[in-house]
Amino acid sequence: MVSTPETSHLKLISTENSRNDWSSLPYRKFVGALMFLTSVLRPEIAFEVSRDAQFMSSYGKNHLIAVKRVIRYLKGRSSHGIKYTHGKSKLKAFADADYAANLDSRKSVSGFVLTLAGGPITWASREQ
């Protein structure tokens, strides 16, 4: 079982030259399905999926490994999801940032999540 969707040991960069080697694999389908799950049920994978989506036209072996890790993470946590609890109506906000996380553009990533009733109500992540 995978404990986190993050693949911190993999450094993902554009792989324009090796695209043809991996073009027959369903990378785009996987990322598209994960993007849907991110938007409606599983916000905890949003960062990883948005990072994987940046390489839709130039992916390689490491990109496929990263997407498969997210899928294995979800498989091990199929009973998890967004849950709202009656009586916990306190609004909470969380934010984080990462300096120069994108190895291609050296842009930073920042994000936030707002929770109410024990579950997220909105979240976002952006490159700057």
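Our subject is the structure listed above.
The paragraphs below set out a description of the structure included in this document. Only a predicted model underlies this, so the values are computations on that prediction, with no experimental measurement involved. Position labels on residues start from 1 in each chain and follow its written sequence. Totals for whole chains, interfaces and linings use all residues, but because this is a predicted model, local features are given only for residues with pLDDT of at least 70 and pairs of side-chain atoms are given and counted only at 80 or more. The side-chain values count all of the structure's non-hydrogen atoms but skip hydrogen atoms and water molecules.

## With respect to the packing of aromatic side chains
Two rings belonging to Phe, Tyr or Trp (six-membered ring only in the last case) form a pair when the distance between their centres is within 6.5 Å. Interplanar angles under 30 degrees mark stacking, angles over 60 mark edge-to-face geometry, and anything in between is tilted. In total, this model carries one aromatic pair according to the counting rule given. Relative to Y59, the ring of Y27 lies with its centre 4.4 Å away and its plane at 20°, an arrangement referred to as stacked. With Y27 in helix α2 (residues 27-40) and Y59 in the loop between α3 (46-53) and α4 (61-76), the pair connects residues that are 32 residues apart, well separated along the chain. Type-normalised accessible area, obtained with a 1.4 Å probe on protein chains alone, sets the label of each residue: buried when under 20%, exposed when over 50%, and partly exposed for intermediate values. On the basis of relative accessibility, which here comes to 0%, the residue Y27 falls in the buried class. Strands are runs of DSSP state E lasting at least 2 residues, helices are runs of H or I lasting at least 4, and numbering of each runs from the N terminus.

## Things to note about the side chain of T38
Among the secondary structure elements, T38 is positioned in helix α2. For T38, a relative accessible area of 9% gives the class buried. Discounting residues that sit within four places of it in the chain, T38 has contacts with P43, I45, A46, V49 and W123. Note on contacts: a residue pair is in contact if any heavy atoms of the two residues lie within 4.5 Å.

## What about the sheet that holds strand β2 (residues 109-116)?
For two strands to pair, DSSP has to find at least two bridges joining them. Across the sheet, which stays open at both edges, the three strands sit in the order β1-β2-β3 with antiparallel pairing between neighbours. At either margin of the open sheet sits one strand with a lone partner, and together these are β1 (92-98) and β3 (119-127). In this sheet, adjacent strand axes meet at a mean angle of 10° when their direction is disregarded. With seven bridges joining them, β1 and β2 adopt antiparallel strand pairing. Along β2, the bridge assignment pairs A97 with S110. Lines are fitted to the C-alpha atoms to define the axes, a helix being fitted only along its stretch in contact, and any angle between axes, read from their N-to-C directions, falls within 0 to 180 degrees.

## Thoughts on the pattern of salt bridges
Put simply, a salt bridge is a Lys or Arg side-chain nitrogen that is within 4 Å of an Asp or Glu carboxyl oxygen. Enumeration according to the criterion identifies three salt bridges in this entry. Between E48 and R51 there is a salt bridge whose closest N-O contact spans 2.7 Å. Residue E48 and its partner R51 are located together in helix α3, separated by three residues, close to a single helical turn. Comparing E48 with R51, the two get one shared label, buried.

## Regarding a nonpolar patch on the surface
Residues qualify for a patch when their relative accessible area is over 30% and they have no salt bridge, like charges being joined within 9 Å and the nonpolar side chains of Val, Leu, Ile, Met, Phe, Trp and Tyr within 5 Å. Each accessible area is a Shrake-Rupley result for a 1.4 Å probe, and residues are judged covered by the shown protein chains and nothing else. On the surface, Y84, L91, L116 and I121 cluster together into a nonpolar patch covering about 380 Å² of accessible area. Looking at the element boundaries, Y84 is found in the loop between α4 and β1. In this structure Y84 comes out as partly exposed when scored by relative accessible area, which is 48%.

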